[in-house]
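Listed below are the residues making up each chain.
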Amino acid sequence: MKFIWTGKRFDCHKHIMFALTSLCASMLCLAPASAGEVSRVEVRDSEVTVYFDDVVSAASSFSLTGPDRIAVDVVGATSLPRLVPERGLVQTVRFGQFEPDTARIVLDLERPAVVTSGAFAHDGRSLKLSITELASPEWQKAVGAGRKQFLPPAEFRASPPKQRYSVRVQLPPPSDAIKLPKIYGPDDNSRPLVVIDAGHGGHDPGAISPHNGKREKDVTLAIARAIRDELVASGRVRVALTREDDKFLVLQERYGIARRMGADLFISVHADAAGSADARGATIYTLSEVASDREASRLAARENKADIINGVNLAGSPDDVSSILIDLTQRETMNLSSDFARLLRREGAEKISFRSTSHRFASFVVLKAPDVPSVLLETGYLTNSQDVDFLASRSGQKRIAQSVANAVTVFFARKLAMR
C-alpha cells in the first residue's frame, strides 16, 4: 500500500522575473596610499563614535532590515573580524573587511533606527554618528533611502586607492531566475517538500563568535545539512537546501526558491548574537500580524498581479477580491506556521535549550511567503560559549536535526489526518 502524505497539490509557483542588466566584471588590485585601521567603536545613548589609528578616505552609512541593522563602510580603512556587545539601542557591533580597501562596521539594533547626522573630527581620526529611533513606517522609507556620505577634512583625508590594472570580462546573458536546487528524498511528487534555508553566506558571514571565531554562515550550513540528512533518512518527505555551499542569496531569493518549487514548509536556520554573553537558547520566529498586513497590502497593490496565490491566479482580479484572497491565504499560512513552531518547541524540548519565550513574532523578510508555512529558527547564540560549542558540534547538530525531523513528521501527519 502506498502511503500518500499530501495527495495532489496545487501548483504554488510564483512566476518571478528578475530584471538584470548585462555587466562587466572588474578585477581591481588596490594599493591605498595610506590606510587607517578601525581601532574601536564607542556607543553612548544615541551616539556612535568610530576611532581610527590613521586618516581614512571617506565613510558612508545605510540601513538594512531582516534583522534591523545599520552598516557603516569606511573607505581607506582595515578592520579585523570581531564582535563587541553593547547595550541599549545597539545590541552588538560587528567588524569586518567588506573589500580590500573598505572596512565595514555593522550595528545590530534592538529597535529600528537610522543615522540622522555624522561628522569627522577635525583631525580625521574619528567619526561621530547620531542615531535616532524610528517608527515602522518611517523605518521602511529609511531602508530604501540609500547611503549617507561623510568626508574627513581635506587636509586630513587619505588619498583614494589607486587602480593598478583592470580586466573586463563579458558575462553571458542573464537568466530569468537563479537555478532551483536539487531535491533529495523519494522520487514522488506527492510527498511534502521541505525547503531548508541556511542563513547568510558568501560575503555576509552573519554573527561571529568572540569565543572561537565560528561564523554564522558556516554553522547554519552544517545544521541545514544535518536536518536534510535526517529528513531524507526518514523517507517521508522530499528536501531541498536554498544553498549547499558558501553562496550569497538575497532575502527575497530565499523564500522565492521555496515558492517556485511549490514547497509545503520553509525553515530558515540562523545563529544569533546577543549583547550579553549569558544569553543563550533557541528561539522560533513566525510572521507578525503587522508584517502580514503590510505584505498583504503590498501584494494587493501591485500593478502586475500575475502571482499565483495558493493555486489561484490573481491576474485580472479586482483589487478588493485580490485583497481578500491574499488575506485569507496568508492568515491560514500564519496559523500553520505557528502550529509548526509549537511542534518544534515540543519535539525539541529534551534535545535543545530554548529561551523562556521560545516562540516570537517578527517581520523577517524570509517569513513573508504568503502561501508557504515558514519559520525562522534561531538555534542559539554564538556569543555564548555553551551555545557555540553545542551548535558547532556534530552531536549538537544531530540533536537539532532530530528535533526538526520529528516536528516535520507530526506536522504533515496532522495535515493528512485533517484532510
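Before reading further, recall that the structure is shown in the block above.
Residues numbered from 1 in each chain as written. Predicted model: local features only at pLDDT ≥ 70, side-chain atom pairs only at ≥ 80, totals over all residues. Heavy atoms only, no water.

(A) Just the overall build of the protein chain, in detail. The number of helices and strands found in the protein chain is seven helices and 23 strands. A burial count over the protein chain gives 47% of its 419 residues as buried. Within the protein chain, contacts between residues separated by at least 24 positions form 74% of all contacts whose residues are at least 6 apart in sequence. Accessible surface computed for the protein chain: about 20100 Å², of which carbon and sulfur atoms make up 52%. (Helix = DSSP H or I, 4+ residues; strand = E, 2+ residues; numbered from the N terminus. Buried < 20%, exposed > 50% of the residue type's maximum accessible area, 1.4 Å probe, protein only. Contact = heavy atoms within 4.5 Å. Areas by Shrake-Rupley, 256 points an atom, 1.4 Å probe, with all protein chains shown as cover.)

(B) Broad picture of the packing of aromatic side chains. Overall, the coordinates contain three aromatic pairs when judged by the stated rule. For the pair Phe340 and Phe411, a centre-to-centre distance of 5.5 Å together with 80° between the ring planes defines the contact as edge-to-face. Of this pair, Phe340 sits in helix α5 (residues 319-347) while Phe411 sits in helix α7 (residues 394-418), and the two are 71 residues apart along the sequence. Exposure class is identical for Phe340 and Phe411. Each is buried. Aromatic ring contacts, followed pair by pair, group Phe340, Phe411 and Phe412 into a single cluster. Above the plane of the ring of Tyr51 lies Arg40, whose end atom (NZ or CZ) is 3.8 Å from the centre. (Phe/Tyr/Trp six-rings, centres within 6.5 Å; stacked < 30°, edge-to-face > 60°. Lys NZ or Arg CZ within 6 Å of the ring centre and 35° of its normal.)

(C) Fine view of the sheet that holds strand β18 (residues 265-272). In spatial order, the strands read β17-β16-β18-β23-β19-β22; together these six strands make up an open sheet with mixed pairing. This sheet does not close on itself; its edge strands, each paired only once, are β17 (238-241) and β22 (354-362). The mean inter-strand angle of the sheet, taken between neighbouring strand axes irrespective of direction, is 20°. Summarising the sheet, β18 and strand β23 (residues 374-381) pair through six bridges and their orientation is parallel. Across the sheet, Ser268 pairs through a bridge with Leu376, a residue of β23. Sheet strands in contact with helix α6 (residues 385-392) are β18 and β23, and its direction is about 120° off that of β23. (Pairing = 2+ DSSP bridges. Axes fitted to C-alpha atoms, helices over the stretch in contact; angles between N-to-C directions.)

(D) Structural context of the pattern of salt bridges. Under the definition given, this model contains 18 salt bridges. Measuring nitrogen to oxygen at the nearest pair gives 3.1 Å for the salt bridge that ties Asp229 to Arg228. Classification of Asp229 as partly exposed rests on a relative accessible area of 44%. (Salt bridge = Lys/Arg side-chain N within 4 Å of Asp/Glu carboxyl O.)

(E) Quick look at the side chain of Arg94. Along the chain, the position of Arg94 falls in strand β9 (residues 90-99). Within the structure, the side chain of Arg94 is placed 3.0 Å from the backbone oxygen of Gly206, a separation counted as a polar contact. (Polar contact = N/O pair within 3.5 Å; in protein donor to acceptor, adjacent residues only side chain to side chain.)

(F) Geometry of the pairing of strand β11 (residues 113-120). Relative to strand β12 (residues 126-133), β11 runs antiparallel, the two sharing seven bridges. Across the sheet, residue Val115 finds its bridge partner in β12, namely Ile131. Between β11 and β12, which pair antiparallel in sequence order, lie five residues; one of them, Gly124, sits at a positive phi of approximately 75°.

(G) Spotlight on unusual backbone geometry. The phi angle at Asp45 is positive, at roughly 55°, despite the residue not being glycine. Considering the arrangement of structural elements, one finds Asp45 in the loop between β3 (36-44) and β4 (47-52). Looking at Asp45, the relative accessible area reads 76%, which means it is exposed. Of note in the backbone geometry, His200 takes a positive phi value of approximately 60° without being a glycine.

(H) View of the nonpolar core. In this structure, Val194, Ile196, Leu231, Ile267, Phe340 and Val408 are the most contacted members of the largest nonpolar core, which totals 42 residues. If you tally residues by element for this core, the top one is α7, at eight residues. Once residues within four sequence positions are removed from consideration, Ile267 is found in contact with Val194, Val195, Ile196, Asp197, Phe340, Val375, Val404 and Val408. Formed by 30 residues, the second largest nonpolar core is a distinct cluster that contains Val41, Leu109, Trp139 and Phe150. (Core = buried A, V, L, I, M, F, W, Y, C linked by side-chain atoms within 4.5 Å.)

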